[in-house]
Amino acid sequence: MLMAAMLLTACSKDSEVMAEPVENAGKTLVVYYSYTNNCHEIVTSLTSQIQADVMRIEPADKTQKYEANGYAIGTALLNAIKANPNDAASYPAIDPVSITDLSQYQNIIIVTPLWWSQMAAIMQTYLFNYGAQMAGKHVALIVSSHSSGISGVVSDAKRLVPDAVWMGDALWINASNHGNRASLIENWLPTLNFAEKQATMEKMFITIGSVTQSATLVNNAATQTLVERLKNGAVTVTLNSSGGFEIWGSLGFSLPTNNEQINAQPGDVILYSGSNICIFYGSNSWSYTRLGKIDGLSESELRTFLKAGESNITVTLSLSSGTTAINSVRSAATENGAYYSLNGQRVYNPSKGIYIKNGKKVIL
Ligand SMILES: Cc1cc2nc3c(=O)[nH]c(=O)nc-3n(C[C@H](O)[C@H](O)[C@H](O)COP(=O)(O)O)c2cc1C
């Protein structure tokens, strides 16, 4: 019913790119552990592509150097688990988690490092404690290793979450392809059998000169407040290039912050210090609140669109693409097999909705 209503809405408003988000439908949790932040970076890429709540698992003892003495501590933790996998005392203590009731989630994506071809001990503790709550849920796995294959981690996941409905194959990201994680995730996501109706993400439109680009917003207090603000009308700001990686400037109002260390990447739309918007054509690591990401532009296309290097750039943020023709940065020729919105905007990770593919309307 809900889906049919969504599609009807999309049909009747050909000028809009996406249907309204579906409240509380198919909620997704991304839960991860990261010692050296590779998994953190993976999660950052992942959550710029899907709408999900995120929870990071932290060890109780933060002084441990797992890699010291030939990885002796990491090895000892894993050996203790292996010796007695059913005994809670075998698992290293973790901090209390922020979400203890998983009943609201239909989809869970676990992101974990590999340690000695097994699941990192800290993530094993979390799953030992909470895996039972994942029974019957759609669960997927992303594993980050330096180079070792991940079958041992998949076995650990299946032991610790025995009653999950596993979504597709686990995604393996290693040192040699970590830099391509965004596209690896983008290709992997459609292979997952997400529980129906993963909420459609809200779009914001960014206009610079005569070009309008869509951006997909993440769901947090900052974007919710921003969307409410934009419902009253477009907001025009003046941004300046800075540091060789961004255009930024004051929004003229404040949004709620949820600052964390973020390695901002080209296309990211970020809130800095509560009242400044930064749009990236390069990368920078800082304490930011994520707002969203511009859809489908390469780094060089972003530089052109954002007028990288210039000052006093007039940028309009809105919830509607308006009458301005969307996008002239990307070549007008449509690629075979690619999905386009009804406005002709290329959609790299189509969720449910109506798209143009090979010149024909298709419904996903
Ligand atoms: C204790 C320990 C053991 C590890 N063992 C392996 C291994 O056997 N094979 C491998 O390819 N990488 C191994 N790694 C490397 C991590 O899997 C890899 O760096 C991963 O990206 C770390 O993710 P993180 O930065 O989110 O912690 C190990 C790392 C640690 C700390």
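Just above, that's the structure.
The text that follows walks through the structure, step by step, so that each part is easy to find. These figures come from a predicted structure and were not determined experimentally.

Definitions and cut-offs
Along every chain, residues carry numbers that run from 1 in the direction the sequence is written. Two thresholds apply to this predicted model, a pLDDT of at least 70 for residue-level local features and 80 or more for giving and counting side-chain atom pairs, whereas whole-chain, interface and lining totals are computed over all residues. Here the side-chain values reflect all heavy atoms present in the structure, with hydrogen atoms and water set aside. Helix numbering and strand numbering both begin at the N terminus, where a helix is a DSSP run of H or I of at least 4 residues and a strand a DSSP run of E of at least 2. By definition, residues are in contact when any of their heavy atoms lie within 4.5 Å. In this description, accessible areas are obtained by the Shrake-Rupley approach with a 1.4 Å probe, and a residue is regarded as covered only by the protein chains that are shown. Being near a molecule or strand, for a residue, comes down to having at least one heavy atom within 4 Å of it. Each polar contact in these results corresponds to two N or O atoms within 3.5 Å; when the atoms are within protein, one needs to be able to donate a hydrogen and the other to accept it, and residues that are neighboring in sequence are counted only if both atoms are side-chain atoms. Buried, partly exposed and exposed residues are distinguished by accessible area as a fraction of the type maximum, computed with a 1.4 Å probe on protein chains only: under 20%, between the cut-offs, and over 50%, respectively. In short, DSSP must find at least two bridges between two strands for them to pair. To form a nonpolar core, buried Ala, Val, Leu, Ile, Met, Phe, Trp, Tyr and Cys residues must be joined to one another through side-chain atoms within 4.5 Å. By arc we mean the arc of the directions from the helix axis to the C-beta atoms, nothing more. The working definition used for a salt bridge is a side-chain nitrogen of Lys or Arg within 4 Å of a carboxyl oxygen of Asp or Glu.

Describing the overall build of the protein
Here's step 1: Each helix and strand counted, the protein has 8 helices and 20 strands in total.
Here's step 2: Restricting to contacts in the protein with at least 6 residues of sequence separation, those with at least 24 account for 69%.
Here's step 3: As presented, the protein carries roughly 16,300 Å² of accessible surface, and 49% of it is formed by carbon and sulfur atoms.

So, the site of the ligand
Here's step 1: Lining the immediate environment of the ligand, one finds 18 residues, of which Ser 34, Thr 36, Leu 114, Ser 144 and Ser 147 sit closest.
Here's step 2: Contacts to the ligand include Cys 39, whose backbone N or O atom sits 2.7 Å from an oxygen atom.
Here's step 3: Here an oxygen atom of the ligand and a backbone polar atom of His 146 are 3.1 Å apart.
Here's step 4: Here the ligand loses 89% of its free accessible area of 640 Å² to cover by the protein chains.
Here's step 5: Counting residues per element, the ones that place at least two in the shell around the ligand are helix H2 (38–47), helix H3 (68–83), strand S3 (107–115) and strand S5 (138–145).
Here's step 6: Counting residues per element, the shell around the ligand draws most heavily on S3, at 3 residues.

Some details on the side chain of Asn 107
Here's step 1: The topology assignment puts Asn 107 in strand S3.
Here's step 2: Overall, Asn 107 belongs to the buried group, its relative accessible area being 0%.
Here's step 3: Only 3.2 Å separates the side chain of Asn 107 from the side chain of Thr 28, close enough to count as a polar contact.

Re the pairing of strand S10 (residues 235–242)
Here's step 1: Relative to strand S16 (residues 313–318), S10 runs antiparallel, the two being bridged by 5 bridges. Each residue of the ladder has a partner; that of Leu 239, found in S16, is Ile 313.
Here's step 2: Across 3 bridges, S10 lies against strand S11 (residues 246–250) in antiparallel orientation. Counted as the bridge partner of Asn 240 is Trp 248 from S11.
Here's step 3: Between S10 and S11, which pair antiparallel and follow one another directly, the connecting turn spans 3 residues, one of which, Gly 243, has a positive phi of 65°.

Details of unusual backbone geometry
Here's step 1: Its identity is not glycine, yet Tyr 71 carries a phi of approximately 65°, on the positive side.
Here's step 2: Assignment of secondary structure puts Tyr 71 in helix H3.
Here's step 3: Phi is positive for Ser 273, close to 55°, though the residue is something other than glycine.
Here's step 4: Structurally, the position occupied by Ser 273 is in the loop between strand S13 (268–272) and strand S14 (276–280).

As for the nonpolar core
Here's step 1: Membership of the largest hydrophobic core comes to 37 residues, with the highest contact counts inside it found for Ile 57 and Tyr 126.
Here's step 2: Contributions of two or more residues to this core are made by strand S1 (28–33), strand S2 (53–57), H3, S3, helix H4 (121–130), S5 and helix H5 (151–160).
Here's step 3: Looking at this core element by element, the count peaks at 6 residues for H4.
Here's step 4: In terms of nonpolar packing, the next biggest core, distinct from the first, is built from 31 residues, Ala 222, Val 235, Leu 239 and Ile 279 among them.

Quick look at helix H7 (residues 221–231)
Here's step 1: When we look at burial in H7, the residues that qualify are Ala 222, Thr 223, Leu 226, Val 227 and Leu 230. Projected down its long axis, H7 shows its buried positions confined to an angular sector of 130°, all on one face.
Here's step 2: Looking at the buried positions of H7, the neighbouring elements they touch are strand S8 (203–208), strand S9 (211–217), S10, S13, strand S15 (284–294) and S16.
Here's step 3: Just beyond H7, the residue with positive phi is Gly 233, at close to 140°.

Comments concerning the pattern of salt bridges
Here's step 1: For the structure on display, the rule yields 9 salt bridges.
Here's step 2: Linking Lys 62 and Asp 95 is a salt bridge whose minimum nitrogen-to-oxygen distance equals 2.8 Å. Of this pair, Lys 62 sits in the loop between S2 and H3 while Asp 95 sits in the loop between H3 and S3, and the two are 33 residues apart along the sequence.
Here's step 3: Among the salt bridges present, the one from Glu 228 reaches Lys 231, with a minimum N-O distance of 3.1 Å.

Remarks on the environment of Tyr 288
Here's step 1: Structurally, the position occupied by Tyr 288 is in strand S15.
Here's step 2: Of the residues examined, Tyr 288 reaches a relative accessible area of 3% and is grouped as buried.
Here's step 3: Here the alpha-carbon distance between Tyr 288 and Ile 262, two residues 26 residues apart in the chain, equals 6.1 Å.
Here's step 4: A polar side-chain atom of Tyr 288 sits 2.9 Å from a polar atom in the side chain of Asn 284.

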